[in-house]
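Next come the chains, spelled out residue by residue.
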Amino acid sequence: MLIKPASDIAPSNITDKTLYLNRRQFMQGAGALALAASGLHSEAAAAPRLAARRSPLSVAGAANTRDEITGYNNFYEFGTDKADPAANAGRLVTRPWAVQIDGEVLKPRTFDIDELLKLAPLEERIYRLRCVEGWSMVIPWIGYSLSEVLKRVEPTGKAKYVEFTTLRRPEQMIGQRGAVLDWPYVEGLRIDEAMHPLTLVTLGLYGELLPNQNGAPVRIAVPWKYGFKSAKSIVRIRLVEKPPVSSWMRANPSEYGFYSNVNPQVDHPRWSQASERRIGEFFKRKTLMFNGYADQVASMYTGMDLRKYF
Ligand code: MTE
């Protein structure tokens, strides 16, 4: 698919110093991926770094700080307060971990997390994230397009939608002991959305493996949709013929639709979506259509009434 870059995409030759140093450090090794194999669980050991080149699909401008990105989260499996995931997600065991891919595919397969880390060259994608609640962040994710994974399982002609399922493990996910949502967390995309180059299999941020509160060890990031479409800590990707029913649609169908594209003209029934507060900023910003990714994604929705398909 031919895609136009967003109007404010960073020049691809700009590389921040940390990444540059990492890259130099690790390109000396054999592969593009460099992990300190023994240090994966340990915060105390030198943090394992991921070598990733900056993707031209990144947006320009300053990213939020690591503290903001890892300290203000929605991850209801660990509680509903913004500070709960940072406080409670540490107990989630993220290795071993596997992601099962099945349904309407010719080659169903289970990928181990170590296979996923090596499946395609890792890229740093600096994406906007707009939460349905009215706040936003800019996050330097690390990963690669979900299409890299999907093409390997060979979707059949009946694969019209893709369903993502988060882990269900109430022993370690204390929020799952309550009934805030119908667990496990489920989300979905249309197949063309899932295959769009912007849709990211996310394995890290700020040059490191994903922190647990951000969806370790693997989550999805779909930057033109409200943040809840980007399921964290996923264990299954199922290709299906009918639109999946997401956890949020099940919980409240009049408030959460299947598409959930960021759209400043379509308000949430209980609040306006016209503006947002970037975490760390004082003044509000205007929310952009498709979260600023309209050049790349609007054509997927030509002819659709976006008020009806919200
Ligand atoms: N995935 C799961 N499994 N559970 C959740 O509660 N919250 C969503 C999304 N993915 C959520 C989830 C919402 S509402 C948002 S805004 C983003 O994760 C937040 O991602 P972040 O904490 O990494 O910024």
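Keep in mind that what you see is a predicted model, and the values were worked out from it rather than measured. (Residues numbered from 1 in each chain as written. Predicted model: local features only at pLDDT ≥ 70, side-chain atom pairs only at ≥ 80, totals over all residues. Heavy atoms only, no water.)

Thoughts on the overall build of the protein
If you tally the helices and strands in the protein, you get eight helices and 13 strands. Going through the 310 residues of the protein one by one, you find that 54% of them count as buried. Look at the contacts in the protein between residues 6 or more apart in sequence, and 72% of them connect residues 24 or more apart. Summed over its atoms, the accessible surface of the protein is roughly 14,000 Å², and 54% of this surface lies on carbon and sulfur atoms. (Helix = DSSP H or I, 4+ residues; strand = E, 2+ residues; numbered from the N terminus. Buried < 20%, exposed > 50% of the residue type's maximum accessible area, 1.4 Å probe, protein only. Contact = heavy atoms within 4.5 Å. Areas by Shrake-Rupley, 256 points an atom, 1.4 Å probe, with all protein chains shown as cover.)

Overview of the environment of tryptophan 135
Mapped onto the elements of the fold, tryptophan 135 is located in strand β5 (residues 135-145). As a C-alpha pair, tryptophan 135 and glutamine 273 span 138 residues in sequence and 10.0 Å in three-dimensional space. A polar contact is formed between the side chain of tryptophan 135 and the side chain of glutamate 133, at a distance of 2.7 Å. (Polar contact = N/O pair within 3.5 Å; in protein donor to acceptor, adjacent residues only side chain to side chain.)

Some points on the site of the ligand
The environment of the ligand is made up of 17 residues, and the closest members are Asn73, Tyr76, Glu77, Ser230 and Lys232. Here a nitrogen atom of the ligand and a side-chain polar atom of glutamate 77 are 2.8 Å apart. Here an oxygen atom of the ligand sits 3.0 Å away from a polar atom, N or O, in the side chain of arginine 219. A total of 540 Å² of accessible area belongs to the ligand in isolation, and the protein chains cover 99% of it. Of the residues assigned to the shell around the ligand, the class counts are eight nonpolar, six polar and three charged. (Near = heavy atom within 4 Å. Nonpolar A, V, L, I, M, F, W, Y, C, P; charged D, E, K, R; others polar.)

Thoughts on the sheet that holds strand β7 (residues 186-190)
An order of β3-β2-β11-β6-β7 is seen for the five strands of this open sheet, with the pairing classed as mixed. Looking along the sheet, the strands with just one partner apiece sit at the ends: β3 (109-112) and β7. Strand-to-strand, the axes of this sheet are offset by a mean angle of 15 degrees, without reference to chain direction. Sheet topology places strand β2 (residues 98-103) next to strand β11 (residues 234-240); four bridges connect them, and they run parallel. Among the inter-strand pairings, aspartate 102 is bridged to a residue of β11, identified as arginine 238. (Pairing = 2+ DSSP bridges. Axes fitted to C-alpha atoms, helices over the stretch in contact; angles between N-to-C directions.)

A short note on the pairing of strand β6 (residues 161-166)
For β6, the tally of buried residues reaches six of six residues, placing the bulk of the element in the interior. Residues of β6 alternate between two faces, with Tyr161, Glu163 and Thr165 on one and Val162, Phe164 and Thr166 on the opposite face, all of them buried. Two strands pair when backbone bridges link them, and β6 and β7 are joined in this way by five bridges, in the antiparallel orientation. Within the sheet, the bridge partner assigned to phenylalanine 164 lies in β7 and is glutamate 187. Summarising the sheet, β6 and β11 pair through six bridges and their orientation is antiparallel. Paired with threonine 165 across the two strands is arginine 236, which belongs to β11.

Some thoughts on the pattern of salt bridges
Any two side chains of opposite charge can pair, given that their charged atoms come close. One pass over the structure, following the stated rule, counts 20 salt bridges. Here arginine 49 and glutamate 208 are joined by a salt bridge, their closest N and O atoms 3.3 Å apart. In this pair, arginine 49 is assigned in the loop between α1 (17-27) and β1 (53-54) and glutamate 208 in strand β9 (residues 208-209), connecting sequence segments 159 residues apart. With respect to burial, arginine 49 and glutamate 208 carry one shared label: buried. Among the ionic pairs, arginine 130 bridges to glutamate 276, the shortest N-O distance being 3.0 Å. (Salt bridge = Lys/Arg side-chain N within 4 Å of Asp/Glu carboxyl O.)

Some remarks on the confidence of the model for the protein
Of the residues in the protein, 85% have a pLDDT of 70 or more, and the chain-wide mean is 89. Contacts of residues 1-44 to residues separated by more than four positions or lying in other chains number 61 contacts, the stretch itself having pLDDT below 50. (pLDDT = per-residue confidence, 0-100.)

Remarks on the environment of alanine 251
With respect to the element layout, alanine 251 can be found in helix α7 (residues 247-251). You can call alanine 251 partly exposed: its relative accessible area is 48%. With 70 residues separating them in the primary sequence, alanine 251 and leucine 181 have C-alpha atoms 6.6 Å apart.

Focus on the packing of aromatic side chains
Evaluated as defined, the whole model comprises 13 aromatic pairs. Arranged with centres 5.6 Å apart and planes meeting at 80 degrees, the rings of tyrosine 161 and phenylalanine 258 form a pair that is edge-to-face. Of this pair, tyrosine 161 sits in strand β6 while phenylalanine 258 sits in the loop between α7 and β12 (275-278), and the two are 97 residues apart along the sequence. Each member of the pair tyrosine 161 and phenylalanine 258 is classed as buried. For the ring pair tyrosine 259 and tyrosine 301, a centre distance of 6.1 Å and an interplane angle of 90 degrees mean the geometry is edge-to-face. Taken as a pair, tyrosine 259 in the loop between α7 and β12 and tyrosine 301 in the segment after α8 (294-297) lie far apart in primary sequence, 42 residues in all. Across the pair, exposure class does not vary: tyrosine 259 and tyrosine 301 are buried alike. (Phe/Tyr/Trp six-rings, centres within 6.5 Å; stacked < 30°, edge-to-face > 60°.)

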